[in-house]
Amino acid sequence: MFSDIKEIGKRDLKSIFSTKATFVTILALCIIPCLYTLINVKAIWSPYSDKELQNIKIDVVNFDKSQFIADQKINVGDQVVSNLKENKEIGWRFVSKDQAHTDLRDGTCYAEIVIPKNFSKKMLSFTQGYPQKADLTYIKNTKTSPMTGIITDAATSELASEVKSNFMSQIVQKAFLKLNTFSNKLENKKLSIANIKQQLSFSSENMNLISKLLENSSLIANSSASILKDASVTNQTLNSIQLNQINGFVSNLTNNAESIQSDSNTLMNANTSLLFSINKDITQKSNDILRAYHSYNSSNIRSINYEMNEQLDLEQQYINTLTASLGSLNSNNKTIISRINMQKAQLDNLIHQQEKIAKNITARTNSKNNELYRLIKQQINNNDRTNKKINDLINNANTNYGDSINASMKYQIKLIDKVKSQATSALKSLNSDQKSSNKNLQNGLLILSKAAEKLKHSLNFYGDSIKSIGNTIDFTNDSDINSLIKFLKINSMQMGSVVSNPLKLKVENLYHSPNFGSDFAPSYMVISIWVGCAMLISVLSVTVPENWKKRDYSIKTEYFGKMIIFNILSLIQTLIIVNSTIFILHVRAQDLFILELFGVIVSLVFSTIVYSLASLFGNIGKALTVILAAFQIAASGTIYPIQLEPHLYRLIQPMFPFTYGVSSFRETISGISVGTLLLDFVVLIFFYVVFICVTPILKIHLKRHVTGLHDKFIKSGIGND
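Structural notes, computed from the coordinates. (Residues numbered from 1 in each chain as written. Predicted model: local features only at pLDDT ≥ 70, side-chain atom pairs only at ≥ 80, totals over all residues. Heavy atoms only, no water.)

A closer look at the overall build of the protein chain
Part 1 of the argument: Each helix and strand counted, the protein chain has 22 helices and six strands in total.
Part 2 of the argument: A total of 721 residues make up the protein chain; the buried ones form 41% of that total.
Part 3 of the argument: Counted over contacts in the protein chain with a minimum sequence separation of 6, partners at least 24 positions apart contribute 80%.
Part 4 of the argument: Accessible area for the protein chain stands at about 39,700 Å²; split by element, carbon and sulfur atoms hold 58% of it. (Helix = DSSP H or I, 4+ residues; strand = E, 2+ residues; numbered from the N terminus. Buried < 20%, exposed > 50% of the residue type's maximum accessible area, 1.4 Å probe, protein only. Contact = heavy atoms within 4.5 Å. Areas by Shrake-Rupley, 256 points an atom, 1.4 Å probe, with all protein chains shown as cover.)

What follows is the structure, given as structure tokens:
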């Protein structure tokens, strides 16, 4: 049997060189399969490079209209176009709407992007208080090539991301430019802020101490009066004790009164300074509104007007506090009280008018007209009048407040001196009129107690507010202020870049691949080997011709004898396919020897399978090789990941030799994984063993049926032997 197999194989190999026509035909059969790999891999060698993608045309139509924000003209559509002109990753073209429509219809471009006229308006709508999402119209034409739709989808998605990133970057940059300016002002006022903080903290601490001293003085005075009532000590000892107590009380009250006067003056100066600052800010914002009106910036008018409303409310609060303080200190002077109430009423009326005008301005900011200008001018005039009234009130406060405090303190000190004089006089005349003296002294102590209570209540009028401010400001320190200034000074360009694109993606390939063609080379090489085997069974006979037979060969002998020529020619085809891919296309292999070795294995397995089908089923077997190729390309993960295929394909994928042939070539070209490569080797050898064992057995049982079917097909006149 083995000698017969060897004889059939030798005769087939000698036949190759028997005639020129035979040799040329066999040579063509060996070379042609490699063209399938060379042509297809070269065609997709680097389709996603910038040079190639520039041939994919996308038309851009820009209808966007400019918008104004913070006195600056912004056109987001123009910025998008400007960025796209610098983008060389795809073929952007900037045309009219009609031109884009024509290009898309006739296939000159593959997609159209339309930037609507309200694009900037919607992008900036958050500044108007009613944020909206901007629209970007994307129209694509996938009729010419489905793949272009995927490419244009990716390009458009990247464009949308870039628009969002650039827009966020600009917003953050402009915000931090304003904050940078504010940080400079804050740094210049840092010393003043620290000084005010220190004064408030000191005042808060003194208020607690003074209040306690006054409370103790009042208790001691009441206690002394009670002692006088029930005293049974001698007149001389009692007089000495009482005189010492009176001198101590008078000294404490005098010192406390002077401290209250100093702290009250400091608080009054701070209150008036804050009121001056607020009024100055309101004046500035009125002028800012007028400038925004001349530049027709409705969003800026609305924003400044809202801030001025808040300042008007704050101004009203400080006026109420100031007038209440003045009224409390001058409660016995009806003339001053009347003047204060009149000035407060005038200021309340003016501030109410300003708030009403501010509402009317907000309602008319959407159009530039004479009525809006009249309201703004009226607002400025009213603010000037308010300014004057506040100056009058503050001047009146500075005059009357100091006079009232001084008068009150002088009155209290005079009252203390008077009581002291009465007590001393009473003590001196104690011998002559002990009962009367004791009564006068008790009355004096009660007056001292009441005076201390009054001073304490006056102190508490401002004490609660100062304590609250002092306790709050104690939680801050110079480090907090410095940290705030440092944050506000951050570079606006850097902050805009980080906030708009906080993520930097670092890409690393586990297996390096220089281009797209190298990734697909294993798939096309395997397909080429199968195609080469299919060409062999289409041209060469799978049976021994009758005129060659010296004797009758068994089915097994004929099967294995004819297999030799198919295995050898397929091996030659495979070596040409592998080496042409490596040396002509310059596909880099991790290990050329292992690639060649697995090429031999895949060639042996594929040629055996294809030859066995043709030998077993004849013409039907040849057709089966084509159908099997189609199934394997679709269901073995050759082109697309198997996870994207239908569920049925995923189930039958392990049953195809293509799966392991492509996998072994990918391992040797992209990067070797020993476990995967060993599995591919074992399964491929399994396919080979199964076919060479099963085919001869099936051939014995099916020969009569297959031969009869073949002969009838030939006799029909349409079949080819």
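Comments concerning the packing of aromatic side chains
Part 1 of the argument: Inspection of the entire model under this criterion finds 12 aromatic pairs.
Part 2 of the argument: Their ring planes at 75° and their centres at 5.2 Å tell us that W530 and F606 sit as a pair that is edge-to-face. With W530 in helix α16 (residues 516–539) and F606 in helix α18 (residues 592–617), this pair connects stretches of sequence that are 76 residues apart. Accessibility classification places W530 together with F606 in one group, the buried group. (Phe/Tyr/Trp six-rings, centres within 6.5 Å; stacked < 30°, edge-to-face > 60°.)

Some remarks on the side chain of S603
Part 1 of the argument: Along the chain, S603 turns up in helix α18.
Part 2 of the argument: Among the polar contacts listed, one links the side chain of S603 to the backbone nitrogen of L571, at a separation of 3.1 Å.
Part 3 of the argument: Those residues within four positions of S603 in sequence are excluded, and the remaining contacts are I529, N567, S570, L571 and T574. (Polar contact = N/O pair within 3.5 Å; in protein donor to acceptor, adjacent residues only side chain to side chain.)

A closer look at α18
Three or four residues apart is the spacing at which side chains of an α-helix point the same way, because the helix has 3.6 residues per turn.
Part 1 of the argument: Taking 1.5 Å per residue, 26 residues should reach 38 Å; α18 reaches 37 Å between its end C-alpha atoms and fits that length.
Part 2 of the argument: Here α18 lies mainly inside the structure; 19 of its 26 residues are buried.
Part 3 of the argument: Of the residues flanking the start of α18, the one acting as N-cap is D591, its side-chain oxygen 3.2 Å from the backbone nitrogen of F593.
Part 4 of the argument: Two residues or fewer past α18, G618 is found with a positive phi of approximately 70°. (Expected span 1.5 Å × (residues − 1).)

Things to note about α16
Part 1 of the argument: Along its 24 residues, α16 runs 34 Å from first to last C-alpha, staying within 8% of the 34 Å computed at 1.5 Å per residue.
Part 2 of the argument: If you look at α16, its biggest bend is around 35°, right at P522.
Part 3 of the argument: Burial analysis of α16 places 19 of its 24 residues in the buried class, the great majority of the element. (Bend = angle between axes of the 7 residues up to and from the residue.)

Some details on the pattern of salt bridges
Part 1 of the argument: Overall, the coordinates contain six salt bridges when judged by the stated rule.
Part 2 of the argument: A salt bridge links D103 to R93; the shortest N-O distance between them is 2.9 Å. Placement of the pair is D103 in helix α5 (residues 97–106) and R93 in strand β4 (residues 91–94), with a sequence separation of 10 residues.
Part 3 of the argument: Classification of D103 by relative accessible area gives buried; the value is 5%.
Part 4 of the argument: Owing to a relative accessible area of 25%, R93 belongs among the partly exposed residues under this scheme. (Salt bridge = Lys/Arg side-chain N within 4 Å of Asp/Glu carboxyl O.)

Describing a nonpolar patch on the surface
Part 1 of the argument: Together, F17, F23, V24, L27 and I31 make up a nonpolar patch on the protein surface, roughly 470 Å² of accessible area in all.
Part 2 of the argument: You can see F23 is positioned in helix α2 (residues 20–43).
Part 3 of the argument: With relative accessibility at 36%, the residue F23 sits in the partly exposed group. (Patch = residues over 30% accessible without salt bridge, like charges linked within 9 Å, V, L, I, M, F, W, Y side chains within 5 Å.)

Here's the deal with the environment of Y660
Part 1 of the argument: One can find Y660 in helix α21 (residues 657–670).
Part 2 of the argument: Considering only alpha carbons, one finds Y660 and L677, 17 residues apart in sequence, at a separation of 8.8 Å.
Part 3 of the argument: When neighbours within four sequence positions are excluded, Y660 is seen to be in contact with P654, D680, V683, L684 and F687.

With respect to the packing of helix α17 (residues 555–583) against α18
Part 1 of the argument: Contact geometry for α17 and α18: axes closest at 8 Å, N-to-C directions at 140°. One finds that α17 runs oblique with respect to α18. Both α17 and α18 take part in a crossing whose hand is right-handed.
Part 2 of the argument: Across the contact of α17 with α18, the residue classes break down as 13 nonpolar, 10 polar and three charged. (Axes fitted to C-alpha atoms, helices over the stretch in contact; angles between N-to-C directions. Parallel < 35°, antiparallel > 145°, perpendicular 65-115°, else oblique. Left-handed = near helix turned anticlockwise from the far one by under 90°. Nonpolar A, V, L, I, M, F, W, Y, C, P; charged D, E, K, R; others polar.)

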